[in-house]
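Residue-level structural notes
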Amino acid sequence: MYPASFTYVRPADLAAAEAAFREADDPRYLAGGMTLIPTMKQRLAAPSTLIDIARVPGLSFIRREKDTLVIGACTRHATVAAAPEVRAAIPALAALAGGIGDPAVRNRGTIGGSLANNDPAADYPSAVLGLGAVIRTTRRTIAADAFFTGMFSTALEPGEIITEVAFPGPRRAGYAKVRNPASGYAMAGVFVAETGKDVRVAVTGAGACVFRAAEMEQALARSFTPDALADVRVAAADLNADIHGSAAYRAQLVRVMAARAAAAALSGA
Amino acid sequence: MTSVSMRVNGADVRADVEDRTLLVHFLREHLRLTGTHVGCDTSQCGACTIHLNGEAVKSCTMFAAQADGDEIVTIEGVGEPGRLHSMQAAFQQHHALQCGFCTPGMIMAGIDILRRHKSPDEETIREELEGNLCRCTGYVNIVKAIKAAAES
Ligand SMILES: Cc1cc2nc3c(=O)[nH]c(=O)nc-3n(C[C@H](O)[C@H](O)[C@H](O)COP(=O)(O)OP(=O)(O)OC[C@H]3O[C@@H](n4cnc5c(N)ncnc54)[C@H](O)[C@@H]3O)c2cc1C
Ligand code: FES
Ligand code: FES
């Protein structure tokens, strides 16, 4: 399958990338291409210009800033999964990255691409929201709570590029998902984190967009144990219903995944 | 059009291609390296798996232009009759194929698995084969072959 014709450009730096975006008719940035290219091959997207930012210098890195772990936007899933710094500081994040799709997808796909795309069943948005991370762009800094605005939509403005994501190191954190057997995407995935200030619970795959589950946060704040979630009822009203599962089934998965994520957090895995 | 240069199976190649040319089509149609297959064409099956700078990627989900300046190895580059790669030999010995359509991708994935895991157990191999589908074998002998290649 061929996508519609487009012009491919590989800018040398972020300023050139943003300039190329301003000058083109209907431009799109290209990072790992693991979402955009299949979409273009199906002709669901037909940008006039692809601006390949995957090799723009300074976008692929992992570094510690005191208690914060900062990951460059074009860092690939495989790199995050294997990085000793990530495994030491936030093992749940390394495990999440290592559970995305398959090895070949992880060798190309990037954290920035995943966040900009904000697929309702993507894994990374739950870690970013669950850890209360901050998304840094070419223009500003956006808190996770303000970044994910709806299905496939984010607070990014046209042309704005995610440059890095800063994750505050949690006291402990865990992630658990039920994979869609065909794609690996989350049927329901829950990221729980005890940050030191509060407890955050972020749910992906179950709704139109990643969201925080207040009742589960309160229950875990009282007692950070899987059992604390036993009596929490997850409302099915706003959850997805599709050929893979009903809303009620997803509500049940959310509760079970939250308990497993809490158990994973406690075991330090 | 865009000009691409890369090193494919040890040889430097250069061509002018349409910007939208997928890497798999560049390999198959421009370079006539038809060992790399197109199965699903939707990024799921891994029949098109090649090594890009030493790592397994799906060549149906990349543009040739993205690989400009890179080093690529396809199934044609890993071994040849009489001088098979240990992974190819293990696939032959353990009867890890039936129709053979998935096999080039499986072998490229298998080599990539052993790059990252010295002696993977069966569970690890099965997990690592997540992105490679085989419609014929039921995977049992594929897993066996990769395990045998790790031990050889
Ligand atoms: C077979 C398969 C299985 C998958 N399974 C999973 C899974 O289990 N879980 C999961 O979470 N994901 C999964 N994915 C998606 C994968 O994680 C993608 O890597 C990710 O969604 C997109 O990242 P990318 O770098 O490939 O982005 P691209 O496809 O290159 O881009 C995606 C979008 O983001 C924009 N963009 C990219 N980078 C930036 C940036 N830095 N700033 C602003 N905008 C940007 C692009 O313009 C585009 O609109 C799967 C994909 C495939 C093909
Ligand atoms: S043809 Fe590339 S993944 Fe199936
Ligand atoms: S041997 Fe036929 S698809 Fe694998």
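First, a word on what this report is: a plain description of the structure on this page. (Residues numbered from 1 in each chain as written. Chains lettered and ligands numbered in written order. Predicted model: local features only at pLDDT ≥ 70, side-chain atom pairs only at ≥ 80, totals over all residues. Heavy atoms only, no water.)

1. Topic: the overall build of chain A
Looking only at helices and strands, one finds 11 helices and 14 strands in chain A. By residue count, 57% of the 269 residues in chain A fall in the buried class. As displayed, chain A offers around 11000 Å² of accessible surface, 52% of which is attributable to carbon and sulfur atoms. One finds the centroid of the 28 positive side-chain charges in chain A at a distance of 5 Å from the centroid of its 24 negative side-chain charges. (Helix = DSSP H or I, 4+ residues; strand = E, 2+ residues; numbered from the N terminus. Buried < 20%, exposed > 50% of the residue type's maximum accessible area, 1.4 Å probe, protein only. Areas by Shrake-Rupley, 256 points an atom, 1.4 Å probe, with all protein chains shown as cover. Lys, Arg positive; Asp, Glu negative; His and termini not counted. Charge placed at Lys NZ, Arg CZ, Asp CG, Glu CD.)

2. Looking at the side chain of A:Ser114
Residue and element names in this part refer to chain A. Topologically, Ser114 is positioned in helix H7 (residues 111-117). Since its relative accessible area comes to 15%, Ser114 is described here as buried. Not counting residues up to four positions away in its chain, the partners in contact with Ser114 are His77, Ala122, Tyr124 and Pro125. (Contact = heavy atoms within 4.5 Å.)

3. Considerations on the site of ligand 1
Residue and element names in this part refer to chain A. Taken together, 32 residues sit near ligand 1, with Tyr29, Met34, Leu36, Thr110 and Asp123 positioned nearest. One of the side-chain N or O atoms of Thr110 is found 2.6 Å from an oxygen atom in ligand 1. Within the backbone of Ser183, a nitrogen or oxygen atom sits 3.2 Å from a nitrogen atom of ligand 1. Taking 960 Å² as the accessible area of ligand 1 by itself, protein coverage stands at 95%. If you list the elements that add at least two residues to the shell around ligand 1, you get strand S2 (27-30) and H7. Here the shell around ligand 1 gets 4 residues from one element, more than from any other, and that element is H7. The class makeup of the residues in the shell around ligand 1 is 15 nonpolar, 13 polar and 4 charged. (Near = heavy atom within 4 Å. Polar contact = N/O pair within 3.5 Å; in protein donor to acceptor, adjacent residues only side chain to side chain. Nonpolar A, V, L, I, M, F, W, Y, C, P; charged D, E, K, R; others polar.)

4. Some thoughts on unusual backbone geometry
Across residues other than glycine, the phi torsion is negative in most instances, and most of the peptide bonds are trans. Residue and element names in this part refer to chain B. With phi around 65°, Asp41 is a residue other than glycine that occupies positive phi space. Examined against the element boundaries, Asp41 turns out to sit in the loop between helix H1 (23-30) and strand S3 (49-52). Phi at Ser43 takes a positive value of approximately 75°, unusual for a residue other than glycine. On the secondary structure map, Ser43 appears in the loop between H1 and S3. The class of Ser43 is buried, set by a relative accessible area of 12%.

Function cannot be inferred from these measures alone, as they are strictly geometric.
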